[in-house]
Structures are given as structure tokens and as C-alpha cells.
Amino acid sequence: MKKVLIINGPNLNMLGKRPKEHYGSLTLEEINQMLEKENQGCFELEFFQSNSEGALISKLQECISYAGILINPAAYTHTSVGIRDALEMCSGIKLEIHLSKVDEREGFRRINLVRDVCHKCFQGLHENSYIEALKYLKEIIG
């Protein structure tokens, strides 16, 4: 079975407590459960979240041969060359995910260091950004 990593960056462990207009009302665990349901056994899903840049990079390095990676780098989208470089080494389909429309928010959020090494971006749909990314992945490699 093809392996897919769903990896989440800083503060996403606090979903459900963050401003709902940007991040929705679901917790990360609830989003993960939605992904499992949507997956319907198509892929072997692995979930990982960390507030630490180094832990995220190490996890990406462990998964460089996975069929797909769904990544919400969160704040590291705008600052981490290390995460960008780790993603570049990954051979599978890489999909960038954001709960809010980061491209329409504060100016500093428009700096995006990961977009050019990802195949596609899903943003602004709250938890459905994750669901749409998984559906897309199922269409192209499922």
C-alpha cells in the first residue's frame, strides 16, 4: 500500500482554540479523523505534527520515498529554507495545505518558501483544504 505523510507545523496542535475565521473550529485530531474517513483505505496514512522545525525536517527526511506528502508548514511556510530543502528531496507528490487564504493575509505571509517545491497548493477552505488535497492525491496516484 502506498504511504502518505500528513505533516503539520507549529501551532496546529492548538486548532479549535485559534481564531475560527482563519482556522475553522475543528481540532487537528478531528481533521485527521476526517482524512482517515475520506481515505477509505486507499493509502497508508501517517500523521505527524511538531512545533519544532528540526523535528519536521527529520520527519520529512524519513519519508523521502513516500508516494505523497500533504504538508501544512504553518508559520514555517514563510521562514524555513530547511523545510523547503527537505521537501525538495522527497520523490512523491507534495501538496501544500493552509486552512486560511495565506496569500490574502498579512504581507509577511505572502513570502512562501515551499510553494515552488510542491506540486499544488490547497488553501482557504479550513479543514476542507486537507480533504481536497487528499482527493486530488487519490485522483492522480490512487
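Use the structure listed above.
Being a predicted model, the structure only gives us computed values, none of them experimental.

**Q** How do you make sense of the overall build of the protein when you look at a structure like this?
**A** On a plain count of helices and strands, the protein comes out with five helices and five strands. Each helix (α) and strand (β) of the protein, taken in turn from the N terminus, gives the series β-α-α-β-α-β-α-β-β-α. Against the compact-globule benchmark of 14 Å for 142 residues, the protein has a radius of gyration of 14 Å, which places it among compact chains. Once the C-alpha set of the protein is aligned to its principal axes, its extents read approximately 40 × 30 × 25 Å. When burial is assessed residue by residue, the protein has 46% of its 142 residues classed as buried. Considering only intrachain contacts with a sequence separation of at least 6, the fraction spanning at least 24 residues in the protein is 74%.

**Q** Even after reading the chapter, I still don't get helix α3 (residues 53-62), so can you show me in this structure?
**A** Think of an α-helix as 3.6 residues a turn; residues three or four steps apart then line up on the same face. Inspection of α3 places L56, I57, K59 and L60 among the buried residues, and these make up the whole buried set. End-on view of α3: buried residues confined to an arc of 160 degrees, all on one side of the axis.

**Q** Explanation requested: the environment of A86 in the structure shown.
**A** Along the chain, A86 turns up in helix α4 (residues 81-89). Judged by its relative accessible area of 2%, A86 falls in the buried class. Separated by 13 residues in the primary sequence, A86 and L99 have C-alpha atoms spaced 22 Å apart. Dropping the residues within four chain positions of it, A86 is found in contact with I57 and L60.

**Q** What is the right way to look at the sheet that holds strand β3 (residues 68-72) in this model?
**A** Strand pairs in the sheet, formed through backbone hydrogen bonds, run parallel or antiparallel to each other. Across the sheet, five strands lie side by side as β2-β1-β3-β4-β5; this open sheet has parallel pairing. At either margin of the open sheet sits one strand with a lone partner, and together these are β2 (44-49) and β5 (120-123). Mean inter-strand twist for the sheet, computed between neighbouring axes without regard to direction, equals 20 degrees. In this sheet, β2 lies alongside strand β1 (residues 3-8) in parallel orientation, the contact comprising six bridges. Residue pairing across strands places I7 opposite F48, the latter belonging to β2. α3 rests against β1, β2 and β3 of the sheet, and its axis sits at about 170 degrees to β1. Seen against the sheet, helix α5 (residues 128-141) touches β1, β2, β3, β4 (93-98) and β5 and runs at an angle of roughly 165 degrees to β4.

Reading the values: the criteria
All residue numbers refer to position in the chain's written sequence, counted from 1. At least 70 in pLDDT is required for a residue's local features to be given in this predicted model, at least 80 for side-chain atom pairs to be given and counted, and no such filter applies to totals for whole chains, interfaces and linings, which use all residues. Here the side-chain values reflect all heavy atoms present in the structure, with hydrogen atoms and water set aside. Strands are runs of DSSP state E lasting at least two residues, helices are runs of H or I lasting at least four, and both sets are numbered from the N terminus onward. Within these notes, the globule rule equals 2.2 Å times the number of residues to the 0.38 power, and the radius of gyration is based on C-alpha atoms. Each residue gets one of three labels from its accessible area relative to the maximum for its type: buried under 20%, exposed over 50%, partly exposed in between, using a 1.4 Å probe on protein chains only. Between two residues, a contact is recorded if the distance between any of their heavy atoms is within 4.5 Å. The arc in question is traced by the directions running from the helix axis to the C-beta atoms. Paired strands, as defined in this entry, are two strands with at least two bridges between them according to DSSP. Each axis is a line fitted through C-alpha atoms, and for a helix only the stretch in contact is used; angles between axes span 0 to 180 degrees, taken between their N-to-C directions.

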